[in-house]
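# Geometric and topological summary
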Amino acid sequence: VILAVDVSGSMAANDVAPSRLAVAKSAATAFVQRQPSTIRIGVVAFGGTGLVTQEVTDDRSAVLAAIDRLTPQGATSLGAGLQAALGAIVGKPVLLGGLGGPSAVGVDPQGPDLGYHGSSAIVLFTDGENTGDPDPDVVADLASSAGVKVYPVGLGTPQGTVLDIDGYRVATALDEGVLRDIAARTDGRYVTGADPQALAGLADAVE
């Protein structure tokens, strides 16, 4: 299981208390603590880009420490987060030729042969706001073709709030539509982060 956590600036918003990122970290920690020892877990942090901050391991203390270190900063690319998480599962970079801007290199738009990883899943903690390439739907379809289910956890409220970022007042709100779409494309399940019971059942939701 890869825990992909949105660390963009909007995750500092407090429309869920004490903040979206704090709720995400708490939910991710609880998820890890409920997993059997046979489940290996990795951590990806993503803002404008995705970065594997903890390789897949059975060392629970290392995973929990990686979650604890997460802090909000930068823009948001859901696609980059999914791309990094998928790469951590398949054990090699997932390159999307022509889909990630002029610097993207690698495979054709159908994606590489990633093999089948039906025992793997991505739990995506995010407010769903997307500001960059690649298209998250394209990466979700690629994950689906590799048998990887994605379970988005929506943090924030649809009404949203206004956040001060670098001296600017920025409106930010939970975008459930894109998260439900990612779940549907990968045969996963969307979980509402504002619902304590839904969060508590997240470990059971990941099949």
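Above this text is the structure in question.
Everything numeric in this text was worked out from a predicted model, so none of it was measured. (Residues numbered from 1 in each chain as written. Predicted model: local features only at pLDDT ≥ 70, side-chain atom pairs only at ≥ 80, totals over all residues. Heavy atoms only, no water.)

## Brief notes about the overall build of the chain
The number of helices and strands found in the chain is 7 helices and 8 strands. What you see for the chain is a C-alpha radius of gyration of 16 Å, in line with the 17 Å of a compact globule of 207 residues. With the C-alpha coordinates of the chain rotated into their principal frame, the extents come out at 40 × 40 × 30 Å. Residues counted as buried form 50% of the 207 residues belonging to the chain. (Helix = DSSP H or I, 4+ residues; strand = E, 2+ residues; numbered from the N terminus. Rg over C-alpha atoms; globule rule 2.2 N^0.38 Å. Buried < 20%, exposed > 50% of the residue type's maximum accessible area, 1.4 Å probe, protein only.)

## A word on helix 4 (residues 136–145)
Every buried residue belonging to helix 4 is among Pro136, Asp137, Val139, Ala140, Leu142 and Ala143, and all of these are buried. The opening residue of helix 4 is aspartate 135, an N-cap whose side-chain oxygen sits 2.8 Å from the backbone nitrogen of aspartate 137. Glycine 147 occupies a position one or two residues after helix 4 and carries a positive phi of about 80°. (Polar contact = N/O pair within 3.5 Å; in protein donor to acceptor, adjacent residues only side chain to side chain.)

## Some remarks on the pattern of salt bridges
Within the structure shown, the criterion is met by 7 salt bridges. With a shortest N-O distance of 2.8 Å, aspartate 15 and arginine 20 are connected by a salt bridge. For the pair shown, aspartate 15 and arginine 20 are each scored as buried. When the shortest N-O distance is used, the salt bridge between arginine 185 and aspartate 181 registers 2.9 Å. One end of the pair, arginine 185, and the other, aspartate 181, are both in helix 5 (residues 176–186), 4 residues apart, so they sit about a helical turn from each other. Each of the salt bridges in this network shares a partner with another, and the network as a whole consists of Asp137, Asp141, Asp181 and Arg185. (Salt bridge = Lys/Arg side-chain N within 4 Å of Asp/Glu carboxyl O.)

## Comments concerning the pairing of strand 4 (residues 121–126)
The buried fraction of strand 4 is high, at 6 of 6 residues. Burial along strand 4 is two-sided: the residues Ala121, Val123 and Phe125 and Ile122, Leu124 and Thr126 are all buried. Pairing between strand 1 (residues 2–6) and strand 4: 4 bridges, direction parallel. Along strand 4, the bridge assignment pairs isoleucine 2 with isoleucine 122. Where strand 4 meets strand 5 (residues 149–154), 6 bridges bridge the pair, whose relative direction is parallel. Bridging across to strand 5, leucine 124 finds its partner in proline 152. (Pairing = 2+ DSSP bridges.)

## Looking at the nonpolar core
Across soluble globular proteins, you tend to see nonpolar side chains buried next to one another. Counting 31 residues, the largest nonpolar core has Leu3, Phe31, Val123, Phe125, Val153 and Leu202 as the members making the most contacts within it. Among the elements that make up this core, the one with the highest residue count is helix 1 (residues 20–34) (7 residues). In this view, valine 153 contacts Val123, Leu124, Phe125, Thr126, Val191, Gly193, Leu199 and Leu202; residues no more than four positions away in its chain are not counted. By size, the runner-up hydrophobic cluster in this structure holds 30 residues, among which are Val44, Leu124, Ala140 and Ala146. (Core = buried A, V, L, I, M, F, W, Y, C linked by side-chain atoms within 4.5 Å. Contact = heavy atoms within 4.5 Å.)

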